[in-house]
Amino acid sequence: MEFLEDIAELERFRPDAGEIVLIPTMGALHAGHESLVRHGAEMAKGRGACVVWIFVNPTQFNDPADYARYPKTLHADLALCRRAGAQAVFAPQASEIYPKDSAVRVPSLPAVATAPQLEDRHRPGHFAGVCQVVLRFFELVRPRAAVFGEKDWQQLQVVRAMTEREMPETRIEPMPTVRDPDGLAMSSRNRFLDEAERTRALAISRALRAAADVPGVQAAEETMRRVLVESGIEPEYAVVRDGRTLLAPGAGPKRALIAARVGSVRLIDNAAWPAGG
Ligand code: AMP
C-alpha cells in the first residue's frame, strides 16, 4: 500500500492506477470506515485501485472546538487501510488543498443541503464545506466511484445530488451503518463519551428501533422523542422524512433521523422507516 502525502505523489500514482474507487474520510478510522474500504477494494479488484483519503477538512467544521479536538490516529489508520485491502492512502496538508493564493470553488448547493432544516440548520456552513472538499478531491482524483456511509444520511444525499450535477461520471456508492453490538452507531467522536454518557447515547438507536414499528409519521416522531427524553436526551431533531429530499415524507421511501447532544458530543443516527421500508 502506498502513502501519498501530497498532490505530486498522487499524480505520480494516478497514471498506472487504473479506475479509482475513492473512500473519503477524516481519519480516526473504525470498523464503519473499514467496511467502506473493504467494499471499495472489492469494487476496484482487477480494474483499478481503492484509495482512501484522510483529511480533516477545516471548512466543514462549524464549531472550532470540534475541529481542534478531532482525533488524529494516522498510524493506526494506515494499518486499518492496509488490512482492508486499500492500494493507497492520500493524506495531503490543508495548505495544499486550500492554497493561500487561490480560492477553491464551492459548488452551488443542492436543495437537500439547504431546505430540510436538519444538519443544514444545526451546522450552518457545514455542507458548503463538504461540497467544496468533495469536489476538490474528485477533481484531483477523478474517481470512477466514491463510497459514502449511510450513517451521515443527509450528507450522502447532498453529495449524491452535487456529484450528479458537477461530475456525473462518478458514481456514489452507499454503505450501511456499522454499529457496536449494543446498537450505538460507530463514530470517531464516540471516544469522547464517558461511560454514563455512552449508556445514555444508546437511547438514540433504541428510539429509532422503537419508532420503526409505529404506524404513522407523527406517532413515530412522538415515540422517538419520548424514548430520548426518558433517557435525559433533548434531541435537536427526531423526525421522519422523505429519504431522498429529506422534506416532509410522501409516497417514496422514508427515513427516521435523529441528532442529539450527549455530554459534549453531538451524535447523529438514522434508519429506514418503517422497518424494512
Ligand atoms: P468521517 O470520517 O466520520 O467523516 O466519515 C467518513 C465516511 O465514513 C463517511 O462516508 C461516513 O458516512 C462513513 N461512516 C462513518 N461512520 C460510519 C459507520 N458507523 N458506518 C458506516 N459508515 C460510516
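Residues numbered from 1 in each chain as written. Predicted model: local features only at pLDDT ≥ 70, side-chain atom pairs only at ≥ 80, totals over all residues. Heavy atoms only, no water.

## Thoughts on the packing of helix 7 (residues 126-141) against helix 8 (residues 153-166)
In step 1: Contact geometry for helix 7 and helix 8: axes closest at 10 Å, N-to-C directions at 50°. The angle between helix 7 and helix 8 falls in the class oblique. In this structure, helix 7 meets helix 8 at a crossing whose hand is right-handed. Of helix 8, the residues touching helix 7 (which contributes His-126, Phe-127, Val-130, Cys-131, Val-134, Leu-135 and Phe-138) are Gln-154, Gln-155, Val-158, Val-159, Met-162, Thr-163 and Glu-166.
In step 2: Split by residue class, the contact of helix 7 with helix 8 holds nine nonpolar, four polar and one charged. (Axes fitted to C-alpha atoms, helices over the stretch in contact; angles between N-to-C directions. Helix = DSSP H or I, 4+ residues; strand = E, 2+ residues; numbered from the N terminus. Parallel < 35°, antiparallel > 145°, perpendicular 65-115°, else oblique. Left-handed = near helix turned anticlockwise from the far one by under 90°. Contact = heavy atoms within 4.5 Å. Nonpolar A, V, L, I, M, F, W, Y, C, P; charged D, E, K, R; others polar.)

## Examining the site of the ligand
In step 1: In the vicinity of the ligand, 16 residues are found, and the nearest of them are Met-26, Gly-149, Asp-152, Val-178 and Met-186.
In step 2: Note that an oxygen atom of the ligand is positioned 2.7 Å from one of the side-chain N or O atoms of Asp-152.
In step 3: A distance of 2.9 Å separates a nitrogen atom of the ligand from a polar atom in the backbone of Met-186.
In step 4: For the ligand, whose free accessible area comes to 480 Å², the fraction covered by protein is 92%.
In step 5: Listed by contribution, the elements that provide at least two residues to the shell around the ligand are strand 2 (19-25), helix 2 (31-44) and strand 5 (145-149).
In step 6: Of the residues forming the shell around the ligand, the biggest block, three residues, is contributed by helix 2.
In step 7: Along the lines of polarity and charge, the residues of the shell around the ligand split into eight nonpolar, six polar and two charged. (Near = heavy atom within 4 Å. Polar contact = N/O pair within 3.5 Å; in protein donor to acceptor, adjacent residues only side chain to side chain. Areas by Shrake-Rupley, 256 points an atom, 1.4 Å probe, with all protein chains shown as cover.)

## Structural notes on the domain arrangement of the protein chain
In step 1: When its domains are assigned, the protein chain resolves into domain 1 (2-175) and domain 2 (188-273).
In step 2: Taken together, the contact between domain 1 and domain 2 spans 25 residues of the former and 21 residues of the latter.
In step 3: Carbon and sulfur atoms supply 51% of the area that domain 1 and domain 2 bury against each other, a total of about 2100 Å² over both sides.
In step 4: Remark: the boundary between domain 1 and domain 2 carries three salt bridges.
In step 5: Close ionic contact of Asp-66 with Arg-189 constitutes a salt bridge, the shortest N to O distance being 2.9 Å.
In step 6: Applying the counting criterion to the domain 1 and domain 2 interface returns 10 residue pairs in polar contact (both at pLDDT 80 or more).
In step 7: Secondary-structure elements contributing two or more residues to the side of domain 1 that touches domain 2 are helix 3 (64-69), helix 6 (119-122) and helix 8.
In step 8: Take the side of domain 1 that touches domain 2: its biggest share by element is four residues, from helix 8.
In step 9: Tallied by class, the residues present in the side of domain 1 that touches domain 2 amount to 10 nonpolar, seven polar and eight charged. (Domains from an automatic or database assignment. Buried area = accessible area lost by both parts, 1.4 Å probe. Salt bridge = Lys/Arg side-chain N within 4 Å of Asp/Glu carboxyl O.)

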